[in-house]
Amino acid sequence: MFRNTYQNGFLSILYSCGSSPLAIWGMQVKNGYIKRVTDQEVRSLVLEIAGTNVTTTFITCPKDLKKVLGIKLPFVIMIIKNMKKYFTFEITILDDKDMHRRFRISNFQSTTRVKPFCTTMPIGLSGGWNQIQLNIADFTRRVYGTNYVETTRVQIHANCRIRRIYFADRLYPEDEMPVEFKLFLPRERKSNREAKGRVISKGEIKGDGDQLPDEPPQFLAGEDAVAETGKSKERLTLQEEFAVGPGVLMTRQKSDTASRKSVSLGKLKNESQLPENIEPADVTIKEAPEDEAEEESNANIAADNLGKDDMTDKGPEPSETDVTEDDGTRTETEEIVELAENNGG
């Protein structure tokens, strides 16, 4: 299949998230199933192979038993999930002596057995997802003393879940592998997000060898700031006492107006804030009476008190003989008397 294909880097033969992952694979199922499911650990589609007997449920590549893969890359990598059941897979190779050798690897054997055409080896898988890396060229040289030529067939038996199976010319480090050939677990993604979005406290930030202070230095306000603070406090008092009644609100409005005027006077009298050619103005503020009725009653009481004082201080009325001219002025009665005397004479 791939003998006439340029082989370098990575060559994938199964990818569970593809549109047709088993396009070049043949299937045999007895007392089991082969289907694509969503794995909750990686939150992705994977191919699951399950059966009561590992020998009767498997997938094989190529689909046609008369064909061979013809892959010359020496490393085979499989991303497999351990289902904690019996599991085995086989890789058939061709060596330089034109002999087909088969490596059978399973998790239910404990010893390695070497036969002329088949070698069985044990494998230990950890819980969850595993990445199996096999150097087939090294196996062939150490077991049979021959040189590896190509891989002819790959066969995966139950029970497992498969993410990807691919060949490589060498083992690549994590930073050199393509993204689509990596297995990202949600735990790693979450930890990366938490590390990027972690809030750094003040004590962790250092500048010029010193830590930042826990609190900013106290701000010393000037006269204008004090005046503005007084205004804000007075407005806050107005809002708090608004629910008491209209009378309280009116009183507060007057006191608020008086405080504003006093602040304005303070600003006007501060000669340092005025230009040199302008003199500070002398302003007198008189507060208006609170009620007109109260003003009228106060005026009537004052008039009555004034009349009583006049009656108390006034002596006996002077007679006509006691009336004297003052600065050449005469009363109307004196003019009438003088006119009658002239007519009678």
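Residues numbered from 1 in each chain as written. Predicted model: local features only at pLDDT ≥ 70, side-chain atom pairs only at ≥ 80, totals over all residues. Heavy atoms only, no water.

J.: Whenever I open this one, the confidence of the model for the chain confuses me. Can you help?
T.: Do not read the fine detail of predicted coordinates wherever pLDDT is low. Counting all residues, the mean pLDDT for the chain is 73, and 54% of those residues have values of 70 or more. pLDDT under 50 marks residues 202-216. Its contacts with residues more than four places away, or in other chains, come to 10 contacts. Contacts for the low-pLDDT stretch residues 280-290, under 50 throughout, to residues beyond four places or in other chains number 10 contacts. (pLDDT = per-residue confidence, 0-100. Contact = heavy atoms within 4.5 Å.)

J.: What is the right way to look at the nonpolar core in this model?
T.: Across soluble globular proteins, you tend to see nonpolar side chains buried next to one another. Counting 37 residues, the largest nonpolar core has W25, I59, F89, I156 and I162 as the members making the most contacts within it. Top element by residues in this core is strand β13 (residues 160-168). It accounts for 4 residues. Not counting the four nearest positions on each side in its chain, F89 is found in contact with M78, F103, R104, I105, I132, L134, Q155, I156 and H157. Core analysis: the second largest hydrophobic core is formed by 7 residues, F75, Y166, A168 and M177 among them. (Core = buried A, V, L, I, M, F, W, Y, C linked by side-chain atoms within 4.5 Å. Buried < 20%, exposed > 50% of the residue type's maximum accessible area, 1.4 Å probe, protein only. Helix = DSSP H or I, 4+ residues; strand = E, 2+ residues; numbered from the N terminus.)

J.: Got a minute to help me understand the sheet that holds strand β5 (residues 58-61) in this structure?
T.: Two orientations exist for strands paired in a sheet by backbone hydrogen bonds: parallel and antiparallel. Overall, mixed pairing links the 7 strands, which are arranged β2-β5-β12-β7-β8-β10-β9 in an open sheet. Every other strand in the sheet has two partners, leaving β2 (26-28) and β9 (113-114) as the edge strands with one partner each. In this sheet, β5 lies alongside β2 in antiparallel orientation, the contact comprising 3 bridges. Considered in β5, the bridge of G26 is made with T60. Across the face of the sheet, helix α1 (residues 136-144) comes into contact with β7 (88-95), β8 (100-106), β9, β10 (118-122) and β12 (148-157) while running at roughly 105° to β8. (Pairing = 2+ DSSP bridges. Axes fitted to C-alpha atoms, helices over the stretch in contact; angles between N-to-C directions.)

J.: For this particular structure, what's the right way to read the packing of aromatic side chains?
T.: One pass over the structure, following the stated rule, counts 8 aromatic pairs. With a centroid separation of 5.8 Å and an interplanar angle of 35°, the aromatic rings of F87 and F89 are classed as tilted. Accessibility classification places F87 together with F89 in one group, the buried group. On the basis of an interplanar angle of 75° and a centroid distance of 4.8 Å, the ring pair of Y166 and F181 is categorised as edge-to-face. A residue pair is termed long-range when its members are at least 10 positions apart, and Y166 in strand β13 and F181 in the loop between β13 and α2 (186-196) qualify at 15 residues. (Phe/Tyr/Trp six-rings, centres within 6.5 Å; stacked < 30°, edge-to-face > 60°.)

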